[in-house]
Amino acid sequence: MNTVKLRDRSNAAVRFTRRAVLRGGALVLSAAIIPGEGHAAPNPAKETASLTAWVRIGRDGSVTVIASQSEMGQGISTTLAAAIADELYLPLEKVAIAFAPFAPAYRDPVYNWMFTGNSQGTSSFYQLMRQMGAAAREMLVSAAAARWGVSVDGVTLGNGRIAHPDGRRTLSFGAVAADAAKLPVPTAPKLRDDPPSPGGALRRWDIPAKVDGSAEFGIDVRLPGMLLAAVRRAPRLGSKLEKHDADSLKSRPGVVTVLEISDGLIVVARTYWQAKRALEDANLVWSAAGSEFSSATAFDQVYAQRLSSGPFFTHLEKGSASSAMDGATKLEATYQLPFEAHATMEPMNCTAHVADGRCEIWAPTQGVELAQAVAAQVTGLPPERIIIRRTLLGGGFGRRLLADFVKQTLVAAMAVKQPVKLIWSREEDMTHDFYRPAVLHRIAGALDSSGSAVALSHRVVSPSQMLYIFPRSMLGDIKDWTEAVAPPEKFDTMAVEGIIEQPYDIANQLVEQHRLELDIPTSVWRTTGHGPNNFVLECFVDELAAAAKRDPVAYRRSMLRSDRRALNVLDLVAVKSGWDRRSPSGAARGVALAKAFGGYVAAVAEVSVRNSRLSVRRLTMAVDCGRLLDPGIAASNIQGGAVWGLSAMQTEITFERGRPMQLNFDAFEPLRLGQTPAIEVHFVASDDKPGGTGELGPVPVPAAVCNAVYAATGQRIRALPISRAGLSFA
Amino acid sequence: MIKLNVNGRAATVDADPDTPLLWVLREHLGLTGTKYGCGIAACGACTVHVDGGAVRSCSFPVGEAKDRKITTIEGLSHNRSHPVQKAWIAEQVPQCGYCQSGMIMAVAALLAEKPRPTDADIDAAITNICRCGTYQRIRKAIHVAAGFSQ
């Protein structure tokens, strides 16, 4: 594993702080709106005019807005397109949406890197999209005013037309678009002060195509002359392909060619089934050497050993936790969470055509810039000869930030010089994931005589989640951008997020991490560190409340004097769940609170446990995600997120001598409909900056459920999945 | 050569009879609305109708589909007019959408058999996996679709 220093860039550290705000907004704005900046700006066909990098207007008046953010079900492409459409006084249904290829204009301004993730699409782009829509509107107005020889004052927009101050004459957008595109982009456009009443639920643009089978995901791409490829890599991580029977493979029906890669084989055939079957029947011999990692013993051995011996990096030190612990009532517990697979419903796939000094890629990707850079490295082509066309994504959850599957596809496409679509089997997808790392925590708290926590000491053993996704532009020269690179530890904070900025008033805090190096690939997974860390923190706060003999909600309230937003969601969830009323017979409730992804969420779970069967009867969620841009999309993200949180209580990936043991949905079983409780979502009225909802929902759910199990049975669950506690979901 | 009846049309495909129906639909007939999710009939993303019943096409050899009536998501209706599709739009069910063709086909088969399913009927019949977790809206939309059908 490489460790590199950050490139010496003037404000690199500021850029990389996870909570970094949009500083110098005007500067960012001007950088983001240079029309056609970069080599791969959206199709500047003659019949369309580009007003900023974000709005294209056809001569017929049609309006296309450009989406930087990938659509994987989180609804971001609707929310951001609507922001632009609003500024053009157009209903969302009147604009087309196109996904941008890579260009610097489409980078996330916080990280200066083009990607979709970290639940920051809204916070990074919403205001920018309003500004871009307003800039396009002012350009149209200026062009129309010039045509008429009048001042811009009193020129208005409506129904896709521009109206003269005389109230009679109008021009279509298309009639002035070419003139407008020649104007300088306003650097401080005035936003509408009368935007359509915010808070209405939008009809998502992508839904009709998702109910009739016409939505195009990566796996659906079809090109003339396209071949299909299947891949098989070592079932044991770290093993290499030693031998294979290439000749007999090549004689299989439909097989066009067989390509060796470092740890496996790609078969290219006329159809995918032919390629897959040939590979399944192939006699592949793997090297005896490979990873020795076994998860069953890892917690007791390597994790426990590092937990006691370190070394540790101190992420937070406030007051003195150790001296506050002296003589106080002290509580200590260890918690552990397993490896998890992303298991997107659409397995990894990509389509590419490399020919005539040009590379075209069709990919369901969250990581456009990484894919572009990797394509340049693999093909040796200059960036301007590479274009990435994005499809819809059948789930992402962080997995599609990576470009390993793009690289594989390019290897095949370069070999056959024809378009190739490469599809992973589900087994490949689960065997060669970049897993949510297993973690071991030791958490200790000290209580004063009233039972309030005066010290919290938190030690985490966790592999990095940023090895493959830390923005490569921030790093030095690396030959292969798909390889693991460990960022400096002070920027590698995902392992401790949610605990270094927890909301409780606790005077003395210490948060340390041992960054464990494993030969198991690990990366970000929906909720990143927030999910596992909240499970530990909120279960432990519940332990403190029990030790103090206090009600779990009242106890939390007493330590939230300085965090209004945390208090709001906690109070709302208590009211909506009927916390102060008795639970129904046979049921008990548990609560958890989280501050994550620019917002707050609290959950109350109502459960019953009978014969080791855990039944979650009801989940009540209260959310403050800042100003609510779309209650429909936000609620679906929170509800679906809660399902993700419940799933993560019953799934895990285990390893035996480097082999992932769960290869398909028969062994790695996400929650199903019949196990899903009623999930109520309530929003706090908030004027705070919009935060993300994509990853917020799952965060407090496992702790709320486990705290309810304690209330019901007295059993503390300190390790997931719940099967370790002898439980399963009813 | 295998003769098939897909979405009311006759089709002849040159495929090995043990090829899963899923891949024949997607690759030979270009009907890509039916999705590959697991290949072992565990997730339901590939659900289609064979003679009106829900079948997980990833594990259904095309040879067995010969002379039987196959319906895919593309053939469920014209213009998204099937009650399940209408309910799915009304309730804004899909998120990423990848599992939804299979969900809709599974639900359409359920409603054909039980026009007014109870929650327990739904729990038992709809075992498809949705990783986005749209289950709550799916349940509601099934009841809405049942209302449309009356």
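Throughout this document, residue positions are counted from 1 along each chain, in the order its sequence is written. Whichever chain is written first is A, and whichever ligand is written first is 1; the rest continue in order. The predicted nature of this model means local features are confined to residues of pLDDT at least 70 and side-chain atom pairs, given and counted, to a pLDDT of 80 or more, with totals for whole chains, interfaces and linings taken over all residues. Neither water nor hydrogens contribute to the side-chain values; these are computed over all heavy atoms in the structure.

Enquirer: Looking at this model, I keep getting lost on the overall build of chain B. Mind explaining?
Expert: What chain B contains, in helices and strands, is 5 helices and 5 strands. Going along the chain from the N terminus, every DSSP run of H or I of four or more residues is numbered as a helix, and every run of E of two or more is numbered as a strand. Along chain B, from the amino end to the carboxyl end, the secondary structure elements read β-β-α-β-β-β-α-α-α-α. Over its C-alpha trace chain B gives a radius of gyration of 15 Å, about what one expects of a compact globule, namely 15 Å for 150 residues. In terms of principal-axis extent, the alpha carbons of chain B reach across some 45 × 30 × 25 Å. Any two residues whose heavy atoms approach within 4.5 Å at even a single point are treated as in contact. Long-range pairs, those at least 24 residues apart, make up 57% of the contacts in chain B between residues at least 6 apart in sequence. Methods summary: accessible areas were calculated by the Shrake-Rupley approach with a probe of 1.4 Å, and residue burial reflects only the protein chains presented. For chain B, the exposed surface amounts to about 5600 Å²; the carbon and sulfur share of it is 49%. If you average the places of the 16 positive and of the 13 negative side-chain charges in chain B, the two averages end up 8 Å apart. Radius of gyration here uses only the C-alpha atoms, and the compact-globule reference equals 2.2 Å multiplied by the residue count raised to the power 0.38. Two residue types count as positive, namely Lys and Arg, and two as negative, namely Asp and Glu; His and chain ends fall outside the count. Think of each charge as sitting on NZ of Lys, CZ of Arg, CG of Asp or CD of Glu.

Enquirer: I'm lost on the overall build of chain A in this one. Help?
Expert: Tallying secondary structure elements over chain A gives 18 helices and 30 strands in all. A compact globule built from 730 residues would reach a C-alpha radius of gyration of about 27 Å, and chain A, at 27 Å, matches this within 12%. Here the C-alpha coordinates of chain A stretch approximately 80 × 70 × 50 Å along the principal axes. Put simply, of all contacts in chain A between residues at least 6 apart along the chain, 76% involve residues at least 24 apart. Summed over its atoms, the accessible surface of chain A is roughly 26100 Å², and 50% of this surface lies on carbon and sulfur atoms. The distance from the centre of the 80 positive side-chain charges to the centre of the 72 negative ones in chain A is 2 Å.

Enquirer: I'm lost on the pattern of salt bridges in this one. Help?
Expert: Residues and elements named next belong to chain A. Salt bridges are identified by distance alone: a Lys or Arg side-chain nitrogen within 4 Å of an Asp or Glu carboxyl oxygen. Here the structure, examined in full by the defined rule, presents 53 salt bridges over all chains. Between Glu 292 and Arg 236 there is a salt bridge, and its shortest N-O distance comes to 2.9 Å. Residue Glu 292 is located in the loop between β13 (285-286) and α9 (295-309), and its partner Arg 236 is located in the loop between β9 (227-233) and β10 (241-243); the two are separated by 56 residues in the primary sequence. Linked by salt bridges that have partners in common, Glu 71, Arg 204, Asp 206 and Lys 210 make up one network.

Enquirer: Looking at this structure, I do not really get the domain arrangement of chain A. What am I missing?
Expert: How big an interface is tends to be reported as the loss of accessible area on association of its parts. The domain limits used here are those given by an automatic or database domain assignment. In terms of domain boundaries, chain A breaks down into domain 1 (2-210), domain 2 (218-288 + 348-423) and domain 3 (310-339 + 436-729). Using C-alpha coordinates to define each centre, domain 1 of chain A is positioned 36 Å away from domain 3 of chain A.

Enquirer: Help me out: how do you make sense of empty space enclosed by the protein in this one?
Expert: Empty space among the atoms becomes apparent when a probe as large as a water molecule is rolled across them. Residue and element names in this part refer to chain A. In the cavity and pocket records, a cavity denotes points on a 1 Å grid over the protein atoms alone where a 1.4 Å probe fits but cannot get out, a pocket denotes an open set with protein on both sides within 12 Å along at least 5 of 7 lines, and lining residues are residues with an atom within 4 Å of a point. Grid points are joined across faces, edges and corners, and a volume is the space filled by probe spheres set on the points. Within this structure, the stated rule accounts for 9 cavities of 30 Å³ or more. Contributing to the lining of the second largest cavity are 15 residues, with Arg 436, Gly 531, Pro 532, Ala 648 and Pro 702 lying nearest its centre. Contributions of two or more residues to the lining of the second largest cavity are made by α14 (530-547) and α17 (631-647). Of the residues forming the lining of the second largest cavity, the biggest block, 3 residues, is contributed by α14.

Enquirer: For this particular structure, what's the right way to read the interface of chain A and chain B?
Expert: Counting from both sides, the interface comprises 59 residues of chain A and, opposite them, 47 residues of chain B. With both chains or domains summed, chain A and chain B bury close to 4400 Å², and 57% of this area falls on carbon and sulfur atoms. At the junction of chain A with chain B, the criterion picks out 4 salt bridges. Between Arg 26 of chain B and Asp 220 of chain A there is a salt bridge, with its nearest N and O atoms 3.0 Å apart. Contacts described as polar in this section are N or O atom pairs within 3.5 Å, which, within protein, must combine one atom able to donate a hydrogen with one able to accept it, while residues neighboring in sequence count only if both atoms come from side chains. Counting across the chain A and chain B interface gives 24 residue pairs in polar contact (both at pLDDT 80 or more). Of all elements in the fold, only α6 (207-211), α8 (272-281), α13 (426-431), α17 and β29 (678-683) of chain A reach the threshold of two or more residues within the side of chain A that touches chain B. The classification used treats Ala, Val, Leu, Ile, Met, Phe, Trp, Tyr, Cys and Pro as nonpolar, Asp, Glu, Lys and Arg as charged, and all other residues, Gly among them, as polar. Classifying every residue of the side of chain A that touches chain B gives 30 nonpolar, 15 polar and 14 charged. Here's the idea: put two parts together, see how much 1.4 Å probe accessible area each one loses, and the total over both is what we call buried area.

Enquirer: What's the story with helix α4 (residues 121-148) of chain A in this structure? I'm lost.
Expert: Since the α-helix packs 3.6 residues into each turn, any two residues three or four apart lie on the same face. All names here are of chain A. Here the expected span of a helix is defined as 1.5 Å times the quantity of residues minus one. Between the first and last C-alpha of α4 there are 39 Å, a value that for 28 residues agrees with the 40 Å anticipated at 1.5 Å per step. For the exposure calls, accessible area comes from a 1.4 Å probe over protein chains only, and a residue counts as buried if that area is under 20% of its type's maximum, exposed if over 50%, partly exposed in between. Taking burial as the measure, the 28 residues of α4 include 21 buried ones, the bulk of the element. Taken from the residues just after α4, Gly 149 is the one with a positive phi, measuring 70°.

Enquirer: Would you take a moment to explain the layout of surface pockets for this structure?
Expert: All names here are of chain A. Counted as a void, the largest pocket has a volume near 880 Å³. In terms of lining residues, the largest pocket is bounded by 30 residues, among which Arg 233, Asp 263, Phe 434, Tyr 468 and Glu 483 are the most central. In terms of residues, the lining of the largest pocket owes the most to one element, helix α12 (residues 404-416), which gives 5 residues. Each of domain 2 (218-288 + 348-423) and domain 3 (310-339 + 436-729) gives at least three residues to the lining of the largest pocket.

Enquirer: What should I look at first to understand unusual backbone geometry in this one?
Expert: Glycine aside, a negative phi is what most residues show, and trans is what most peptide bonds show. Residues and elements named next belong to chain A. Cis geometry marks the peptide bond from Gly 310 to Pro 311; its omega dihedral reads 5°. With respect to the helices, strands and loops of the structure, Pro 311 is situated in the loop between α9 and β14 (313-318). The omega torsion across Leu 720 and Pro 721 is 0°, close enough to zero to call that bond cis. Mapped onto the secondary structure, Pro 721 falls in the loop between α18 (701-713) and β30 (728-729). Look at Tyr 89: it is not a glycine, yet its phi comes out positive at around 55°. Here Tyr 89 shows up in the loop between α3 (76-87) and β5 (95-99).

Enquirer: I'm lost on the sheet that holds β14 of chain A in this one. Help?
Expert: Strand pairing in a sheet relies on backbone hydrogen bonds. The paired strands run either parallel or antiparallel. Residues and elements named next belong to chain A. Strands are labelled as partners when DSSP assigns at least two bridges between them. Within the open sheet, the 5 strands sit side by side as β14-β23-β21-β20-β15. Their pairing is mixed. Strand pairing shows two members of the sheet lacking a second neighbour, β14 and β15 (329-337), which therefore form its edges. When strand polarity is set aside, the average angle formed by the axes of neighbouring strands in this sheet is 10°. Bridge analysis of strand β21 (residues 453-462) against strand β23 (residues 508-515) gives 8 bridges, and the strand direction is parallel. Within β23, the position partnered with Arg 459 by the bridge is Glu 512. The angle between two axes is taken between their N-to-C directions and runs from 0 to 180 degrees, where each axis is a line fitted to C-alpha atoms and a helix contributes only its stretch in contact.

Enquirer: Whenever I open this one, the domain arrangement of chain B confuses me. Can you help?
Expert: All names here are of chain B. The domain boundaries assigned to chain B delineate domain 1 (2-75) and domain 2 (83-149). One C-alpha centre belongs to domain 1, the other to domain 2, and the line joining them spans 21 Å. Taken residue by residue, the interface counts 16 residues in domain 1 and 12 residues in domain 2. The tally of links between domain 1 and domain 2 comes to 0 salt bridges.

Enquirer: How should I be thinking about the nonpolar core in this particular structure?
Expert: Side chains that are nonpolar tend, in soluble globular proteins, to be buried together. Counting residues in hydrophobic clusters, the biggest one holds 219 residues, and the most contacted among them are Tyr 303 and Phe 339 of chain A together with Trp 88 of chain B. Of all the elements, α4 of chain A adds the most residues to this core, at 14 residues. Contacts of Tyr 303 of chain A, omitting those with residues within four sequence positions, involve Ala 298, Phe 339, Ala 438, Val 439, Leu 440, Val 461, Pro 463, Leu 516 and Leu 518 of chain A. Only buried residues count toward a nonpolar core. Its members are Ala, Val, Leu, Ile, Met, Phe, Trp, Tyr and Cys residues joined through side-chain atoms within 4.5 Å. Within the second largest apolar cluster, 55 residues are counted, among which are Trp 113, Val 231, Val 374 and Val 420 of chain A.

Enquirer: Before we go on, may I ask you to explain α18 of chain A in this structure?
Expert: Residue and element names in this part refer to chain A. Here α18 contains 13 residues, and its C-alpha end-to-end distance of 18 Å stays within 8% of the 18 Å for a straight helix at 1.5 Å per residue. Regarding α18, the residues found buried are Val 701, Pro 702, Ala 703, Ala 704, Val 705, Cys 706, Asn 707, Ala 708 and Val 709. On the buried face of α18, the contacting elements are α14, α15 (552-558), β24 (588-596), β25 (599-610), β26 (613-624) and α17. At the exit of α18 stands Gly 714, carrying a positive phi of roughly 80°.

Enquirer: What exactly am I supposed to notice about the packing of α17 of chain A against α18 of chain A here?
Expert: Geometrically, a packed helix pair is captured by the angle between its two axes and the distance between the axes. Residue and element names in this part refer to chain A. Across the interface, α17 lies against α18 with an axial gap of 8 Å and an inter-helix angle of 60°. With respect to each other, α17 and α18 are oriented oblique. In this structure, the crossing between α17 and α18 has a hand that is right-handed. Here Ala 642, Gly 645 and Leu 646 of α17 lie close against α18, whose contacting residues are Val 701, Pro 702 and Val 705. Among the residues forming the contact of α17 with α18, the class breakdown is 5 nonpolar, 1 polar and no charged. Roughly parallel means an angle under 35 degrees; roughly antiparallel, over 145; roughly perpendicular, 65 to 115; everything else is oblique. Should the near helix be turned anticlockwise from the far one by less than a right angle, the crossing is termed left-handed; should it be turned clockwise, right-handed.

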